[in-house]
Amino acid sequence: MFARLKWMRAARGPRQLARQYSKVSSTVEELVSTRAKPKEAEALSHVTMPHIITQRDHKYSEGKVYNGFQCERVEHIADFELTSCTLRHLGTGTEFWHIDRNDTNNVFSINFRTTPFNSTGLPHILEHLALCGSKKYPVRDPFFKMLNRSVATFMNAMTGPDYTLYPFSTMNETDFRNLQRIYLDAVFRPNLAYLDFLQEGWRLEHSDLRNRESEYIIKGVVYNEMKGAFSENSQVFGQNLLNNMLPNHTYGHVSGGNPLEIPKLTHTDLVEFHSKYYHPSNARIFCYGSFDLDKTLQLVDKEYLSQADRIDNSYSRIPSQPRWSQPRNVHISSRLDTMGAAFERQNQICIALLMCDITDIQESFELNVLSEILIRGPNSVFYKSLIEPNFSGGYNQSTGYSGDCKDTAFVVGLQDLKVEDFTKFNELFDHTVSKAIKEGFEPQHVESVLHNLELSLKHQSPHFGNALLFNSTALWNHEGDVVANLKVSEMIARLRDNLKQDENYLQGKMAKYFANNKHKLTLTMSPDESYEEKFKLAEAEMLKQKVNALDKTESEKIYQNGLKLEASQKAVPNTDLLPCLSLSDVTEPPKWPLLSRQSLQNVPAQLCQVPTNEITYLKCLFNITGLSSDEVMLVPLFCNVVNDMGTTKHDFREFDKLVLSKTAGIDFKLNFVEDVSDAKSYRLGLMVTSHALDKNVPDMFELCQELLCNFQFEDTDRLKMLVENYISNISVGIASSGHLYAMLSASALVSDASKLKSLLSGVDHIRFMKQYVEQNSTNDIRDKLQAIGAKVFNKNSMRVAINSSEAYQSTAVKHCSDFLETLPTLETTKTSSKLHLLEPSCQHYVMNIPVNYCAKAFFAVPYLHEDHPTLRVLAKLLSAKYLLPVVREQNGAYGAGAKISSDGIFTFYSYRDPHSTKTLDAFDKTYQWLRDETNKLDHETLFEAKLGVLQQLDSPIAPGNIGIDYFLYEVSQEMFVKYRTRMLAVTLDELQAVIEKYFKEQPKHFGKCILGPANDKLEEETKQKWKTIA
Ligand SMILES: [Zn+2]
């Protein structure tokens, strides 16, 4: 989907929020990408009281003026228990959308409609530069500085295809006001300094800054960011899809910047772009939550809008794409993905059809539902015709309904198929469309899609305000009715009504938008072995032309600027101007509902009463440490396919219908559970989760029982297809989450437990699975999976957790007890495993990408050790004060940081890094830096690092997930409070003590890892032995 093309300001590494994008554009739901990703060693985050829904009084009335803003529309939206208030600034015409909701996680954002007409990355580089210092806060990079002076639950900036937004969220009102000031000043009065342009955008620089004779290179944060972004083939595909599908206006260009075009951008272009597109009349301001709106309006009006004039913002409007009279075909090349499928199968194809105008919300909503009906799950027609014949690696990343641009689109595509099968794909597509028009859709399948939509409305995510903003941004940007778009129940009712009135309703849409639609693009992509080489040549040619064009004065300027930039990067930043929280703002730990425990049918049960909006959440955790090591290796696959095979009673289609019409699905996941008190032991768990409306809870338990007791893998054709799709899916996205994979792989060199973790979810898992499938028949795999299932669903090694409302809890418990009674009781074998530390080693995974992801890991101490909170504070401090300035700002990586996980492994990482050995060297020099820069270790720095840790500890958690830390790790609420208090009390002396203890000597057990291009100088440059995995 186009929606994936968003460039974000901060790679926040392991804390980065799961990418949120709209799957069903009209609903506000948080969607976590379902493809396999290495699971981050989970931060033991804790909970806050979820919002309590009450009807609130409203003092804003339509027609009245408040602080320069006229209130235009006030509406209560029952679906989400919120009140929407739309205001307009009398002077500038700026629209201000306030959502009043009893939620402590408040959100604020300033959005602009930005429509570039070239691919130099104008809006993207401006987004970076705006946050590099402003009139009131002339501090270098206040954005990164504020990351350490706040307890924000989210802070970022993003550039989309036609908008730029600056959102943040926080639960602390002082923090909210602080960040509001910084953000407003940043966007309306940025300094846009030339040196910052050179740093963030692009620049020519001598490879040796002090040597005028040394060769020139091109550097820049966005320049490298985009090189990294397009090293992921799915990004290349998505970008080309957008550019070719909507070629006539701004969407024909790359808003993030094409690396070969970025160096055409000048600083003047950028300043002009700002004054045109960041004018208040072209801005939209969003505010969500429970904090006082008056204060916000007053600040915005008094400090900014009242001083600006009003302009007509129609220049930034985007016209509809003129419809084509003929379908088009486009073919593009991609990088050969060394981790991907075999060369001849590494092709992609999709068909994209232009749908309706985004502002036609009911139509767009219905087309969105229709596309779910067409592609989702084994009962959908495209799944049956395109996926089941098993000639590909499944749907590609672009598949789905896209509602992120002026014109919406439907896309269906396949990954990992042969070129010979392109024709087949086209024929199958046409055939499926005509068949659907002729035969219509199964009512029960349609119903299950609608049920899921209704259920998702009730489900509360911890970042509801952010999700609402992200899901409304595109529509709002095109002046659509965002308030009406929130009335999802009404839209569903209208659709149901339409379906009742006309039994061929959906077929009519199919005929109009699919069969008779000439605006149809077939996009194909094939790997080109010389892709990388061609890019390098083009880059070298561009550099050559730039260099040849330099005269003496310009050369001198480049030399001087290089030195100036270096000096400014190394200068001590003046952060006194920036606001900061104080200890008293954060002393109180968040409050949460108490957990209760009882035994149900001899199974330990954890119960939590929270306002869940009529939903009951179920989690079952099975200890599977007793499985043989061969079996353990197949558990990730088991989790991925067991719920897609049907049961002995229901075939997979029928079972899927039953599950989706009563629950949100039944999911299986492998959990690696470190013992927080004993560094030397760990358990493996298999977690089964589901949730359902209270009224469907009996069915939810019945379906879980059916699956756990009667799972089956008999249909080997289907199993074969699911296994192959699984392998295709796990190899997608490595380059975009490369730092997570690098950290996992580095940790794998430290202990056997982490090695296992990497084999179960890291790069090693992909390699293992590919090999396994080559060497074993589907029948063998079937027997293995069957044997695993027969061992793991055991009442004796199980725990359950139920989160439900107070009123429904006893009923839920009764149904749970009935469910548990039916589960098998088997003997339990081993309940935990011992961990062993490994000898130091280094590993290089050679990937065909132009950037590196580096990591170094060593073993420190686990969560409950008294040094753990201090090391966690130190990790934050190193990230902010050492790694970001050196690895990001000076050396040009997009991100870098350090963290310690609950299992006690301390990791350094870099993200989209032009260097490898230089970065690893920086990791090794940590102690030297700490020793040389002791003056930087002051009270302020220490407190900032503590705030950084607090952002993780106090981050909000969804009602359905409250208590998960206790459930998984047995970290009780008391233990958490103790840890939090201990962390806040860490002193400079204690910090010094852990520095001496853990960093002075090279650690006994460490590992280094690089994911990146081949490098034959690795051993020479690092003076270490490296194992290369190509
Ligand atoms: Zn960026």
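Residues numbered from 1 in each chain as written. Predicted model: local features only at pLDDT ≥ 70, side-chain atom pairs only at ≥ 80, totals over all residues. Heavy atoms only, no water.

A word on the overall build of the protein
At step 1: Per the secondary structure count, the protein includes 35 helices and 30 strands.
At step 2: For a compact globule of 1030 residues, the expected C-alpha radius of gyration is about 31 Å, and the protein comes in at 28 Å, within 12% of that figure.
At step 3: Counting only C-alpha atoms, the protein reaches 80 × 65 × 65 Å along its principal axes.
At step 4: Looking at the protein residue by residue over its 1030 residues, the buried ones come to 64%.
At step 5: Each charge sign in the protein was given a centre, from 113 positive and 127 negative side chains, and these centres are 2 Å apart. (Helix = DSSP H or I, 4+ residues; strand = E, 2+ residues; numbered from the N terminus. Rg over C-alpha atoms; globule rule 2.2 N^0.38 Å. Buried < 20%, exposed > 50% of the residue type's maximum accessible area, 1.4 Å probe, protein only. Lys, Arg positive; Asp, Glu negative; His and termini not counted. Charge placed at Lys NZ, Arg CZ, Asp CG, Glu CD.)

Concerning the packing of aromatic side chains
At step 1: One pass over the structure, following the stated rule, counts 44 aromatic pairs.
At step 2: Aromatic side chains F711 and F793 sit 5.9 Å apart centroid to centroid with 65° between the ring planes, which places their arrangement in the edge-to-face category. Of this pair, F711 sits in the loop between α21 (697-710) and α22 (716-730) while F793 sits in the loop between α26 (778-792) and β23 (798-804); the two residues are 82 residues apart in sequence, bridging distant segments of the chain. For the pair F711 and F793, one class covers both residues: buried.
At step 3: Measuring from centroid to centroid gives 5.3 Å for F858 and F906, while their planes differ by 25°, and the two rings are stacked. Of this pair, F858 sits in strand β26 (residues 853-859) while F906 sits in strand β28 (residues 905-911); the two residues are 48 residues apart in sequence, bridging distant segments of the chain.
At step 4: By relative accessible area, which is 3% here, F858 ends up buried.
At step 5: Counting every residue linked through ring pairs, the aromatic cluster contains F622, F638, F668, F711, F713 and F793.
At step 6: Its end group placed over the ring of F391, K424 keeps NZ or CZ at 4.4 Å from the ring centre.
At step 7: For K856, the ring lying beneath its charged end belongs to F1006, and the centroid distance is 5.7 Å. (Phe/Tyr/Trp six-rings, centres within 6.5 Å; stacked < 30°, edge-to-face > 60°. Lys NZ or Arg CZ within 6 Å of the ring centre and 35° of its normal.)

Notes on the pairing of strand β17 (residues 520-528)
At step 1: Within β17, 9 of the 9 residues are buried, which leaves it mostly tucked inside the rest of the structure.
At step 2: Because side chains alternate across β17, one face comprises the buried residues K520, T522, T524, S526 and D528, and the other comprises L521, L523, M525 and P527, equally buried.
At step 3: Across 8 bridges, strand β13 (residues 328-335) lies against β17 in parallel orientation. Each bridged residue has a counterpart across the sheet, and for R328 the counterpart in β17 is L521.
At step 4: In this sheet, β17 lies alongside strand β14 (residues 347-357) in antiparallel orientation, the contact comprising 6 bridges. Across the sheet, residue I349 finds its bridge partner in β17, namely T524. (Pairing = 2+ DSSP bridges.)

Observations regarding the pattern of salt bridges
At step 1: Counted under the stated rule, the structure contains 60 salt bridges.
At step 2: Between K757 and D903 there is a salt bridge; the shortest N-O distance is 3.4 Å. Remark: D903 occurs in the loop between β27 (895-900) and β28 and K757 occurs in helix α24 (residues 752-761); sequence separation between them is 146 residues. For the residue pair K757 and D903, the accessibility class agrees, reading buried in each case.
At step 3: The network of salt bridges with shared partners includes R73, E75, D481 and K487. (Salt bridge = Lys/Arg side-chain N within 4 Å of Asp/Glu carboxyl O.)

Regarding the state of the cysteines
Working definition: the covalent bond between the sulfur atoms of two cysteines is a disulfide.
At step 1: The tally for this structure, following the rule as stated, stands at 0 disulfides.
At step 2: The thiol of C709 is unpaired, and the distance to the nearest cysteine sulfur, on C704, comes to 10 Å.
At step 3: Unpaired in this structure, C816 has its nearest cysteine sulfur neighbour in C620, at a distance of 6.7 Å.
At step 4: The class for C816 is buried, based on a relative accessible area of 0%. (Disulfide = S-S within 2.5 Å.)

Remarks on the packing of helix α12 (residues 443-458) against helix α20 (residues 652-662)
At step 1: Where α12 meets α20, the axes come as close as 7 Å, and the angle between the chain directions of the two elements is 35°. As for how α12 packs across α20, the hand of that crossing is left-handed. Packed against α12, whose contacting residues are Q444, H445, S448, H451 and N452, the element α20 presents K657, L660, S661 and K662 at the interface.
At step 2: Here the contact of α12 with α20 is composed, by residue class, of 1 nonpolar, 6 polar and 2 charged. (Axes fitted to C-alpha atoms, helices over the stretch in contact; angles between N-to-C directions. Left-handed = near helix turned anticlockwise from the far one by under 90°. Contact = heavy atoms within 4.5 Å. Nonpolar A, V, L, I, M, F, W, Y, C, P; charged D, E, K, R; others polar.)

Thoughts on the coordination of the zinc ion
At step 1: Taken together, the protein donors to the zinc ion comprise H124 (NE2), H128 (NE2), E225 (OE) and E225 (OE), at separations of 2.1 to 2.6 Å.
At step 2: Around the zinc ion sit 4 donor atoms; with metal-centred angles ranging over 54 to 152°, the donor geometry is irregular.
At step 3: Within one chain, the residues donating to the zinc ion are spaced in sequence as H-x3-H-x96-E. One end of the pair, H124, is in helix α1 (residues 122-130); the other, E225, is in helix α5 (residues 221-229), with 101 residues separating them in the sequence. In terms of burial, H124 and E225 fall into one category: buried. (Donors = N, O, S within 2.8 Å, 3.2 Å for Na, K, Ca; no water. Tetrahedral: all angles 85-135°; square planar, octahedral: opposite > 155°, others 65-115°.)

Here's the deal with the domain arrangement of the protein
At step 1: One can read the domain layout of the protein as domain 1 (64-225 + 237-311 + 543-565), domain 2 (328-528), domain 3 (595-834) and domain 4 (841-1028).
At step 2: With 29 residues of domain 2 at the contact, the number on the domain 3 side is 33 residues.
At step 3: Counting the surface lost from both domain 2 and domain 3, the interface buries some 2600 Å², and carbon and sulfur atoms represent 49% of this.
At step 4: When the area that domain 2 buries against domain 3 is broken down by residue, the three leading residues are M339, L455 and K458, summing to 24%.
At step 5: For E388, the salt bridge goes to R718, with nearest N and O atoms at 3.8 Å.
At step 6: Linking domain 2 with domain 3 are 16 residue pairs in polar contact (both at pLDDT 80 or more), by the criterion used here.
At step 7: Among the secondary structure elements, those contributing two or more residues to the side of domain 2 that touches domain 3 are α10 (381-387), β16 (407-417) and α12. (Domains from an automatic or database assignment. Buried area = accessible area lost by both parts, 1.4 Å probe. Polar contact = N/O pair within 3.5 Å; in protein donor to acceptor, adjacent residues only side chain to side chain.)

Structural notes on the environment of S555
At step 1: Summarising the element assignment, S555 is placed in helix α17 (residues 552-570).
At step 2: What makes S555 partly exposed here is its relative accessible area of 22%.
At step 3: In sequence terms S555 and H206 are 349 residues apart; their C-alpha atoms lie 9.9 Å from each other.
At step 4: Those residues in contact with S555, other than ones at most four positions away along the chain, are Y216 and L550.

What about the environment of Y927?
At step 1: With respect to the helices and strands, Y927 occurs in helix α30 (residues 926-932).
At step 2: For Y927, a relative accessible area of 12% corresponds to the buried category.
At step 3: Along the backbone, Y927 and F999 are 72 residues apart, and their C-alpha atoms lie at a distance of 5.6 Å.
At step 4: Excluding residues that lie within four positions of it along the chain, Y927 makes contacts with I995, E996, F999 and K1000.

Quick word on the sheet that holds β26
At step 1: Across the sheet, 6 strands lie side by side as β27-β28-β26-β29-β25-β30; this open sheet has mixed pairing. Where the open sheet ends on each side, the last strands, each with one partner, are β27 and β30 (1027-1029). For this sheet, the mean inter-axis angle between neighbouring strands, taken without regard to orientation, is 15°.
At step 2: As defined by bridge partners, β26 adjoins strand β29 (residues 1006-1012) across 6 bridges and the pair is classed as antiparallel.

What about the pairing of β16?
At step 1: Burial analysis of β16 places 11 of its 11 residues in the buried class, the great majority of the element.
At step 2: Here 8 bridges tie β14 to β16, and the two strands are oriented antiparallel to one another. Within the sheet, the bridge partner assigned to N347 lies in β16 and is L417.
At step 3: Taken together, the 3 bridges between strand β15 (residues 400-402) and β16 define a ladder with antiparallel strand orientation. Residue S402 lies in a different strand from β16, and its bridge partner there is A409.

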